[in-house]
Each structure stands twice: as structure tokens, then as C-alpha cells.
Amino acid sequence: MSRRTRRSESMNEEVLSLIEAMHENMQRLEELTGGEVDAVADRLGRTFMLRGAQDRLRLSEAAKQAAILNALPAHIALLDTQGVIISVNGQWRQFGHATAVQGPGHATGLNYLAICDRARGEGSFEAHLAAKGIRSVLADDAKTFSVEYSCHSPTEGRWFLMTVVRLDNELLSGAVVMHIDITARKQAEIDLRSSENRFRSIFGAVSEGIFIIDPATASFRDVNQAGAAMFGYTPDELIGLDSRAILSSVPSDTESAASAWFQTAPPMGSPQRFDWHCRARDGRRFLVEVSLQPATINGSLSILATMSDVTERRATEEKLRQNESRLQGLASNLPGVLFQRLIRADGGCSFTYISDRCEEITGYTAEEWVSDRTIARRHIGLEHLPLFLEAMRQLRVTPRPTEIEYACTTKRGDEKWFQLKIQPRTFPSGDVLWDGLIFDISHQKRLDRQRVELENQLRQVQKIEAIGTLAGGIAHELNNTLVPILVLTKLALKELPPGSPSTEKLQTTLDAACRARALVAEILAFSRKEQPRTIRVDVAETVASAVRLFAATLPPNIALENRAARQLAIDADPNQLLQVLMNLGTNAAHAIGTREGRILIATDEAFMAEPAGSHPDNVVPGDYVRILVSDDGCGMDSRTVERVFEPFFTTKPIGDGTGLGLSVVHGIIKNHRGRISVQSELGRGTTFTILLPRSEAARDDGAAAT
Amino acid sequence: MARILVIDDNQLVRDTLKAVLLSVGHKIAFAADGEEGLRAYHEFCPAVVMTDILMPKKEGIETIKDLRKISASVPIIAMSGGGRVGNLEYLEMALRFGANRTISKPFELEEVIEIVAGLLEEAVLPSTALEPGSQSC
């Protein structure tokens, strides 16, 4: 700004002399005050600044103001009313970057408006806008005008704010144009916006529902797309709404329960997680997993609720739980042990699963099976162990379904039978998984054994019947055939002259024929299923008869003892009873042989109670007469004892005895509804015990037993 | 010395009885079944009849019944091949239907001789008089 000084010729002399006088006064004052005083005052208090100070003041004010202007972080230019740049500040001067808006450097004298009008290309829009704005301010249409614009350098983005204000005072008329670098602010704005966008994107994009709730009013401060959609709303519909209206939509969840969210959530540190039943706008029920936590958002405390629809997941979980429970129940309930054994490709093996019933069934716990490798060997019966081990070895070599039965001893010492089934599965890795099952088949085995025994007995009976039928058939013919042999041989013997050499031969023939007759008779007796002709028989009497008969035939080395109790009666066929005693006695005598020996026949009464299990030899409970025929002969081994009542079974040499005797005895006793059993010890002796039902007729009738 | 009629389907039995009865001087006639036996009875007029029970065509019990229709008094011995132990029912029935004695096969030589002799002795007593030719035998 150039200072206008006015110097004119027409200035009158008075003025000129006053000015000169002023200068001289000033100088004089300066001299008088020594140049150390800025201002003086007269007696009326009127101050007067000395020239030096005035100058200095003027200078310093101007300098200060210039300094201020130059220091400001703004490019300032003063335009006149035409738009010409009158003055610029230091910053304007220094900004060397030629821009359309600003114009080249510090070009005072240039018309700023023209520069803006001329702007083309990048930033031209803003330049024209700026020109328009300046004009409107200059024209007094607007007090001020502002526009933001970008002006990027090759290396960085820059933003500016241009402001125009009217300047109208006694000195100047025009406008002040100011460009301020607002890059930092703008960058912050951009960063904030992009951060805001990022947040918005996430908020909108997540599949979980996010709800930001005001703890004081329980209203939704914000809801994301997913959250609103869960309930069938849009975010806008929910924002501002009391959240309890939405959350307590399931009748069972009361409003107070929903309110409880807001009481408990804020104090918590870590998120509180729970399931919550919801109802959507359309009535659909669903289950969400809620995570609640307090959060400070935009400076205020909110409740942040994240919700995931877990309806399906919970349903699946429930199904899995039920399935697990079912399988567990099955495994625990099935009468067997379920297990899995993994045989790895490298050869290592281990149990991966053993069901609960392991201990109950095998006696060993699952832990013992896993930890103790010797259990199998101890548990499995010796006779089955080699088979078992071989089967396992083969299974390792060639995995295929395997089934083994084995006897074993449980930990408690019980004998059991088990059935082991293994189904192997081979995996691509080379590992093999054995799915296995162990069943306790002891009961089954017992039943099998019983069945086999019964079958044997049945076979026995059938054999006997067959023999009987056969015997009955041929006996008749044999008897006819024996007639000539017996009779005519005797006749021939009679006709022979005494001393004839043929006598002995014929006698032998006769003996043979007699033997044959006896044989046929025995066979017939055996085959007959006659009901005995029973009468009331005093057992002691029959025993006495038997003893008498024996006395005649027993060799002297055998003693016979009779300990038959008196007054014991049975309903029996006396002949058959005698036959029984004779048979048993004969056997006893044979057992003793030529040594010293003793046969005892004893009788007493016995009461038979209800038997424990069922057995073909069981008798009806009641009063019985017991008859014992005992000897101290050679006895029998257990195998013989087992077979002693078998038809045709005999330990006697061939030709000596038919082997039918005891089976006939057995049949007779059976027919009398009794039971016969035998105990024997090899080398010690044998005892046959017969039980026969006691006669119902007056037992204490002593007179009847004569 | 008497006439004995033997009715039995078994050749061996017939041959045996022939030898036995001849040895004590009796005269024998044979039949192989009941029908033959009845015919033989009419022709032979025996003093004693021995008959088996189980026979084809006409069995023993029937034969005995029919014989008794002809003669109430002729001694009849019923034989059975059931052995010493059995066919008791048959023999009992035979007695009920009129047989005088029973004998079980295989019998002893002496048994046969004695049983026949015994019956013949009884026959000579007045109550059981047997006059050859007096019956329509």
C-alpha cells in the first residue's frame, strides 16, 4: 500500500511555517527528553507522542500487524472492488504452486477474478465458484463467502478453505480473500467417514443380530440389518423402540424377565451368555443365543447385545444328545459288552471303547482291560485259550468277521461261557478298527447241555423201545425155535445108551438151549411195558425172600446182612420187586468176586421234599420207602456209573451176562413210580438206592405186615 | 396110549411134539391152523387137543371156542410162544374160553409128558368120561 502524501503548491505559507515549527519543536522536545521518552503530557494532561516514538509506534504497529498477517497459516490477499490484487501476505507470496484458483504466486496487480474466470481443467469448477462468490461479496450481495476445494500435489492430498469477506473502511474498499490449508481437518474427516463406513459395513454385513440398547430407557439405540430381520423388521422400525416390546414377545418370557436383562448386564465384565426364546413379527418362534455386555459407545454406556439364531443348532444338539443317550442306554442295557479295539497300521493296538457293563459281565473293569494285557489269558479257560489266540492272530493277518465261543472264569471265580463277535473295519490309513461284542451265553450253554442230555435220554428210551419192539417180534419165533432144541435134545439124551460119547455133547447142547431160553425171556421181560400187578407188599418180607434165595447161592466168602426195617409197605408187584433185589444182589456178588466181602440190604422210610430243579429222575414229593443194596466190592468208575442203567451195557466179559439186568431193574422201579440211583467208588464198593412210594393204606397197621 | 391132536403153525414145534408124544406111545394128528384143526378134530377124535394161540387163518382162542361148541369136555391145552414171562393175557383168555391147561414155549420135555398124562388121568374119571365115538368128533 503506497502512502499518499499530499504536497501542493497552493498550500499556504501558514501551514508551511506551522509544519516547519512543528518539526523544530519536535526536534527540540527530542533533544530535551534525550530521546528516551515516547510521550509527554502538559499540565492539562494532554499527551503528545514524540516523533520518534510516533514513528516507532507507527512502525511497530505496522510491523506487528504485518508480522501477524505473515504468520497466519493462511494465504491472504486484498482485492480492490475490481478484483485486482492490492496486497498479499507472506504465505500468499511464498506459495509457489500455481493453481487455477490462487493464481501464480504473489502477483499483486493481477486481477484475481480474471485468473479464476480463466481457470480450466482440474479445479476449474471451484475457481468459477470462487469468482462468483467474490463477486457477490464485492457486490454486497453477501457478507461473506466460503468454499472448500481440493488441490492435490503429486505426493499428497491437500484441501483448502477459501473465505472472502468484504472490506469497507475509509482507507480501502474491496474484499479480503483467505485460503486456509484444511488438509488435516479434511483428512480427519475422511478418516472418520471411512471408519464410520467400515463400521457400518460390518454392522450391516454380519449375520448375527447386533442390538445397541440404552440401559436407562431400554430402547434400541441401534440395530443392524441382521438383527432387525430376525424379528421381521427393518432397523429403522426398531431404532428408538422400547426393546422389551420385541424381546418379551414370547408369552412365557414376561416383560419383567426381559427387563432383567438391563439390570444384570451393565455390572458384568465378561459377556453374559444365555438362550432366549423369541417371536418374530409373523409369529414364528425361534431360539437365539444372546451375548450381553456393557459397552461405551459414542461416549455413553450402552448394552451391546449380540444374538445368533440357534434354533436349528439347538435342535440338532438335542437330537445328538438324545442319540447319545439312546446309544448309551443301549450299550448299558444290552446283555453284553460292546467294545472297539484299534489295531494301528504300525502294529500298536488299544481299546478305544468299552461299554459300561464290562465289569458286571466279565468281572473286570474297563480300566483293568485297558491297562492289564494279561487279562485275556487269565480270563479264558485253558482249553479254549489256544483256539482264542489263534483266532486273534488270524484276525490280525486277515481282518474278517470272526465269532468264537469260549469258557472262562470271571474275576469272582464264576464259570461262564462267552460268545465273542468281532467285525473288523479297515481304513485307508491301514488302521483296522474291531467292532466287538461279548455275550454271556452261559445260560444258553446250560440249556444246550440239558437239551443234549434230554436228547440222549430220549435216544436211550427210543433205543429201548426199538429193542422192545424188535424183541417182542422175534421172541415169539425164537421161542418156537427153541422148542425142538430143548425138548428133542433131552429126548435124545434119554435114548442114548449109558456111557455114550454123545451124552456130554448133547448135554452141552441142552445147556446152551437153556441159556438161550433165559436170554429170550430176559429180552421179553425187558421189552414188556406191563403195568405191574401191585398189591400191598411188606418190604421186609420180600427182602427176607431174597435173602433166603441168596443164602442158597452165595459163596461163603460173601456175607449178607439184612437190615430191613419192619412195617414198611409199598404197593408193588412182589415178583418184580424180588427180581430187582435178586438182580442187585447178583451184581453185588459179582463185584465182590472171590475176595472177602459183604452185601448189605437195608430199608428205612424217607420223606422227599420238593426238588430244586427239574430232572427226569425226580420223584413226586411225599413219603417213601428207601431200599439200599450195598457192597464193598470193586466199585465202578464214574464213566461206568453214568452208563450203568443203559440196556446192553455191561462190564462183565462177553457171554457172561446180557447187560439187561439193571436196565430191567430201572424199568421196574420207574413203573412203580420210584427212583433208583447209584453211588460207587472204584476199589471201595457200590450202593444202589431205591425209593418207592410208601403204601397209602393204613401205615400203622402192624397186623397187616405179616 | 391116546390120540393127541396138535394144532400149531410152526413145523419145528409139530415135529418136536410128534417125537415126544410118540416116545410115550401116543398117536398124533397135526394141523397147521385153526380151520385145519377143527377138520382134524372131526376126523381124528382125539383124547387131548394141544393148540397154539397165535396162528394164521383161525387163531387159537377162536379155535378153542369152536371146539367147545363141539365138545364141552375134551381136554384142551393152550400153548403160547410168548415166553415164560408172558402173553399171560392170551393164556388167561384161553382158560376163560375153555382151555384146561396152559403151557409156555419153550417148554420142557417132562412138562409136556406130565401135562398130557395128567389130563388123560382126569378123563378116565366118571365126571370126565370120554367115550370114543360117543361125540360127534
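All of these numbers come straight from a predicted model, not from anything done at the bench.

Peer 1: I'd like a rundown of the interface of chain B and chain A, residues and numbers included.
Peer 2: Between chain B and chain A, the residue contacts involve 20 residues of the former and 19 residues of the latter. Examining the composition of the side of chain B that touches chain A, we find that seven residues originate from one element, helix 1 (residues 11-23) of chain B, more than from any other. Of the residues contributing to the side of chain B that touches chain A, the split by class is nine nonpolar, seven polar and four charged.

Peer 1: Outline the sheet that holds strand 1 (residues 3-7) of chain B, listing residues and values.
Peer 2: All names here are of chain B. Read from one edge of the open sheet, five strands run 2-1-3-4-5, paired in parallel fashion. The sheet is open, and its two edges are formed by strand 2 (27-31) and strand 5 (101-104), each paired on a single side. Each strand of the sheet is rotated relative to its neighbour by a mean of 20°, with strand direction disregarded. By the bridge criterion, four bridges tie strand 4 (residues 76-80) to strand 5 in an arrangement that is parallel. The partner of M79 across the bridge, within strand 5, is I103. The strands touched by helix 3 (residues 60-70) within the sheet are strand 1, strand 3 (48-52) and strand 4, with strand 3 carrying the most contacts at an inclination of about 155°.

Peer 1: Any chance you could break down the nonpolar core for me, citing the residues and the numbers?
Peer 2: V539 of chain A together with I4, V48, V49, M50 and A78 of chain B are the most contacted members of the largest nonpolar core, which totals 86 residues. Here this core gathers at least three residues from each of two domains, domain 5 (454-523) and domain 6 (532-693) of chain A. Not counting residues up to four positions away in its chain, the partners in contact with V49 of chain B are L5, I7, Y41, L67, V74 and I76 of chain B. Counting 25 residues, the second largest nonpolar core, distinct from the first, contains Y112, L113, A119 and V164 of chain A.

Peer 1: Before we move on, can you summarise the sheet that holds strand 19 (residues 558-564) of chain A with the specific residues and values?
Peer 2: Residue and element names in this part refer to chain A. Pairing is mixed across the open sheet formed by five strands, whose spatial order is 19-21-22-24-23. Lying at the two open borders of the sheet, with one neighbouring strand each, are strand 19 and strand 23 (675-681). Across this sheet, the average inter-strand angle for adjacent strands is 15°, counted without regard to direction. In the sheet, strand 19 pairs with strand 21 (residues 597-608) via seven bridges, with the strands oriented parallel. Following the sheet pairing, A559 is matched in strand 21 by R598. Sheet contacts for helix 19 (residues 574-592): strand 19, strand 21, strand 22 (622-631) and strand 24 (685-693); angle to strand 22, the most-contacted strand, approximately 30°.

Peer 1: Give me the lowdown on unusual backbone geometry, citing residues and values where you can.
Peer 2: Glycine aside, a negative phi is what most residues show, and trans is what most peptide bonds show. Going from K105 of chain B to P106 of chain B, the amide bond is cis rather than trans, its omega being 0°. Along the polypeptide, P106 of chain B turns up in the loop between strand 5 and helix 5 (109-124). A positive phi angle is found at D140 of chain A, which is not glycine, with a value near 70°. Take D140 of chain A: it is sitting in the loop between helix 5 (124-138) and strand 5 (144-150). Owing to 9 C-beta atoms within 10 Å, D140 of chain A belongs among the exposed residues under this scheme. Notably, A218 of chain A is not glycine yet its phi reads approximately 65°, a positive angle. Turning to its location among the elements, A218 of chain A is positioned in the loop between strand 8 (209-213) and strand 9 (220-223).

Scoring rules and cut-offs
Residues numbered from 1 in each chain as written. Chains lettered and ligands numbered in written order. Predicted model: local features only at pLDDT ≥ 70, side-chain atom pairs only at ≥ 80, totals over all residues. Contact = placed C-beta atoms within 7 Å. Helix = DSSP H or I, 4+ residues; strand = E, 2+ residues; numbered from the N terminus. Nonpolar A, V, L, I, M, F, W, Y, C, P; charged D, E, K, R; others polar. Pairing = 2+ DSSP bridges. Axes fitted to C-alpha atoms, helices over the stretch in contact; angles between N-to-C directions. Core = buried A, V, L, I, M, F, W, Y, C linked by C-beta atoms within 7 Å. Buried ≥ 20, exposed ≤ 12 C-beta atoms within 10 Å, placed from the backbone. Domains from an automatic or database assignment.

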